[in-house]
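Commentary on secondary and tertiary structure
The primary structure of each chain is shown beneath.
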Amino acid sequence: MSDSSAASEFSGPTEPSAATKQPKEPESQAQAATASSGPPKRSLASRLATRSAGGVLRVFLILTALFWLTPAVGLLVSSFREPEDMTASGWWTVLSKPADLTTRAYSTLLENDEITDALLNTVWITVPSTLGVVVIGAMAGYAFAWMDFKGRDWWFVAVVAMLVVPIQIALIPLARLFGDIGVFGTIGGPILFHIGFGLPFAVFLLRNFFAEIPRELLEAARLDGAGEVRLFFTVVMPLAGPALASLAIFQFLWVWNDLLVALVFTTTDSQPLTVALIRETRAFSQNIETLAPGAFLSLVIPLAVFFAFQRQFVSGVMAGAVK
Amino acid sequence: MSTPAVSAGAAGAAGGPPAKPRKSVLGTRPWVVVLFLLPALVMLGALVVYPIGYSVWRSLYDETGDGFVGLGNYGDVFSDDATFTALKNTAIWVAVAPALVTGLGLIFAVLTERVRWQTAFKMIIFMPMAISMLAAGIIFRLVYEADPDQGVANAVVVGVHDTFVESTAYPKANAPNWSDMEGPRAKGPYTTKSTVSAGDPVLLPLVGIPPDKVPGDPGPAKAAEASGEEITGTVWLDFQKGGGGEKGAVDAAERALPGVKVEAVKDGSVVASTTSGDDGTFALPKEAEGAQLRLPASNFGAAYNGLDWLGPTLVTPAVIGAYAWMWAGFAMVLIAAGLAGVDRNLLEAARVDGANEWQVFRKVTVPLLAPVLVVVFVTLMINVMKIFDLVYVIAPEPVQDDANVLALQLYLVAFGPRADYGLGSAIAIVLFILVLPVMIINIRRLRKERRL
């Protein structure tokens, strides 16, 4: 697993530096050429071609980045406009008169009990689902990595097989089951669902991580008289910090951003923010003043997580994307 | 040992740790094993395994669950119109989206490789992965808004279109202030201030078009003759090259404006309408007596309004576009990681041998990246088969049927007014069967690695 760690973020410690130190970087090469210090390696024409190609590339990448940002900026700017302005002109017109921006849509939104309750529900659903998956998954992952029992490998294969099971297959059966045990319509429904479908990936990821722990370390702790349970909590879990963080971030985002599961299993009392907002989209153009800030409210937490934990975030998302 | 990563994420598609015989640290007591495993196994059994079995069983029964219908529901997947459309659209998604996203990711990864600010660029492209499909859906509802004054997609399309094409008969033609007409400048409609009467020819001068740019190059205008019964008049360009001529009068060198629609309006409703002839003259029947004349806005370019992004034909491509926006970063980061592992010397060797950059890319880089590309492609394929939120949020309800995909149809059939758990379960099983090959590949790879 260690081989992929550097690769799993935008600029791992090894490869980008290698890239920037490439001798063929346009400027340095051109400078070298004008100073005529180094031995000329290429013809002037090819140097010029490389240089202008670099310029074209740069412009292309900047335009692409702007193009990628535009949709999200549109929503952000829209969320800071008066509703009347929003229907009268495009959000881009505001760029020339920023004085028209207002936070009114946000204050209206936060006075709306339905939205604030839904935001709280999102938290109440996300936190237990994440903790549940991390704890239960770590215990099982440890058992698969370091405990002996009959058919261990076959059990593990069965768990890996469940990695790609589509969540859709469980909607109907669990709607019935949750109805029978009385959690349908409460936040318990999505919590259980997300733990169930988060576990295969958690067990897979953590077993592979735990298996890398040096055997001697565990044996030493054992000789010191630590029991299996104490060993798990005092030695194994602290070592697994990075893996647990990636898993937790992925699971957190998965649950926070979920729409389908909550749409099926919650009612207006237990609905998370995504479901509350989808109700608004049903009458889109009338409610853009709720939707724009609401959508932004729902994505600001994931974005904060993204910027705060880039490394774990990327590896978590990469790792879990198969779901 | 650091962060778990890409390889794990490819769900065992890439390698796990090497096979090592592993024994319990000390002979673990059975109750401890049970303590550690039981929570996970109970959860998985009840929430994942049981539903698969239940769905198989339930898919063989009708919507009430009482009547056994055998494989009838599976037949319905193909014969039920809405479900079959969903199946076709899912096929389109699987055919287009993974290839598109992998391609974008490959382009971005290769192009940014030697750029110093690649981190910033990658962050921007990857950011949409953080947000929910719901938020992305709302973002793109706004982008695809039909009104070019609101949706940025149509604002761009209209901007480009109007730069190259002049779409209407007399776009931006204007009623001058010496005319009897008023209306929004360069847009129309223009309406006469006074009412018209037979025997008194109406003059409807327009300006704002250079005389040599009048579409169709019409001949000179003719002043209309008074007629006893009909309302007559002239629509012409009240301007001649080099100036001169009398304002508000049909001068010899001034051009006719044929094909302009003229409406007679009484109390807000149109009582008669006609079109100006080749010499700019028109005649309206006597019903128009006492009406005001109006030149409707259609004459002056009811401007091009862009594409109907969320209409029945374009909605699926539009939603796929939104999906590509979200997932290109995923493909890019994985491929960039693969690229970092490519041996530079191989590329250099090809360059020394005289290959140009394109040949190096096609003949060396891409084949070396093939394993990563396959992993990205397969992961996206699984993801796309189950696509739900984006379609549900972006496609407006009237075109939901046209944009439908299997996962959405399952939701609509089972949890919508139809409440048909039988067909819903059958769709779920179809989805499950679609991902089975990947499940089998995962298992075989795992067994090979660990020599089970």
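Residues numbered from 1 in each chain as written. Chains lettered and ligands numbered in written order. Predicted model: local features only at pLDDT ≥ 70, side-chain atom pairs only at ≥ 80, totals over all residues.

In the nomenclature of an unreviewed UniProt entry, chain B is known as Sugar ABC transporter permease of Streptomyces polyasparticus. UniProt lists a comment for chain B under the heading Sequence similarities (unreviewed entry), and it reads "Belongs to the binding-protein-dependent transport system permease family." Among the UniProt annotations of chain B, the heading Subcellular location (unreviewed entry) holds the following wording: "Cell membrane". (UniProt positions renumbered as here; feature names shortened; annotations may be inferred.)

Looking at an unreviewed UniProt entry, chain A carries the name Carbohydrate ABC transporter permease, with the source organism given as Streptomyces polyasparticus. Comment text from UniProt for chain A, heading Subcellular location (unreviewed entry), reads "Cell membrane". Here chain A is described in UniProt, under the heading Sequence similarities (unreviewed entry), as follows: "Belongs to the binding-protein-dependent transport system permease family."

Regarding the environment of B:Met43
Counting through the fold element by element, B:Met43 comes out in helix 2 (residues 30-58). A count of 21 C-beta atoms within 10 Å places B:Met43 in the buried class. B:Met43 sits 360 residues away from B:Ala403 along the chain, and the two C-alpha atoms are 35 Å apart. Excluding residues that lie within four positions of it along the chain, B:Met43 makes contacts with A:Ile136, A:Ile195, A:Gly196 and A:Leu199. (Helix = DSSP H or I, 4+ residues; strand = E, 2+ residues; numbered from the N terminus. Buried ≥ 20, exposed ≤ 12 C-beta atoms within 10 Å, placed from the backbone. Contact = placed C-beta atoms within 7 Å.)

With respect to the domain arrangement of chain B
As a measure of interface size, the accessible area lost when the parts come together is often cited. Each domain of chain B was delimited in the assignment, giving domain 1 (63-145 + 310-450) and domain 2 (181-300). Measuring from the centre of the C-alpha atoms in domain 1 of chain B to the corresponding centre in domain 2 of chain B gives 57 Å. (Domains from an automatic or database assignment.)

Quick look at the domain arrangement of chain A
Residues and elements named next belong to chain A. Domain parsing of chain A yields domain 1 (15-102) and domain 2 (108-320). Of all the elements in the fold, those that place two or more residues in the side of domain 1 that touches domain 2 are helix 3 (44-79) and helix 4 (83-88). When grouped by side-chain class, the residues that make up the side of domain 1 that touches domain 2 number four nonpolar, two polar and no charged. (Nonpolar A, V, L, I, M, F, W, Y, C, P; charged D, E, K, R; others polar.)

A look at the sheet that holds strand 3 (residues 202-206) of chain B
Residues and elements named next belong to chain B. The three strands lie next to each other as 3-4-7, forming an open sheet whose pairing is mixed. At either margin of the open sheet sits one strand with a lone partner, and together these are strand 3 and strand 7 (281-284). Taken over all neighbouring pairs, the strand axes of this sheet differ in orientation by 25 degrees on average, direction set aside. As paired elements, strand 4 (residues 231-237) and strand 7 share four bridges and run antiparallel to each other. Across the sheet, Thr234 pairs through a bridge with Thr281, a residue of strand 7. (Pairing = 2+ DSSP bridges. Axes fitted to C-alpha atoms, helices over the stretch in contact; angles between N-to-C directions.)

A look at the sheet that holds strand 6 (residues 269-275) of chain B
All names here are of chain B. Across the sheet, five strands lie side by side as 1-2-8-5-6; this open sheet has antiparallel pairing. This sheet does not close on itself; its edge strands, each paired only once, are strand 1 (181-182) and strand 6. Two strands pair when backbone bridges link them, and strand 5 (residues 261-266) and strand 8 (residues 292-295) are joined in this way by three bridges, in the antiparallel orientation. Paired with Ala264 across the strands is Leu293, a residue of strand 8.

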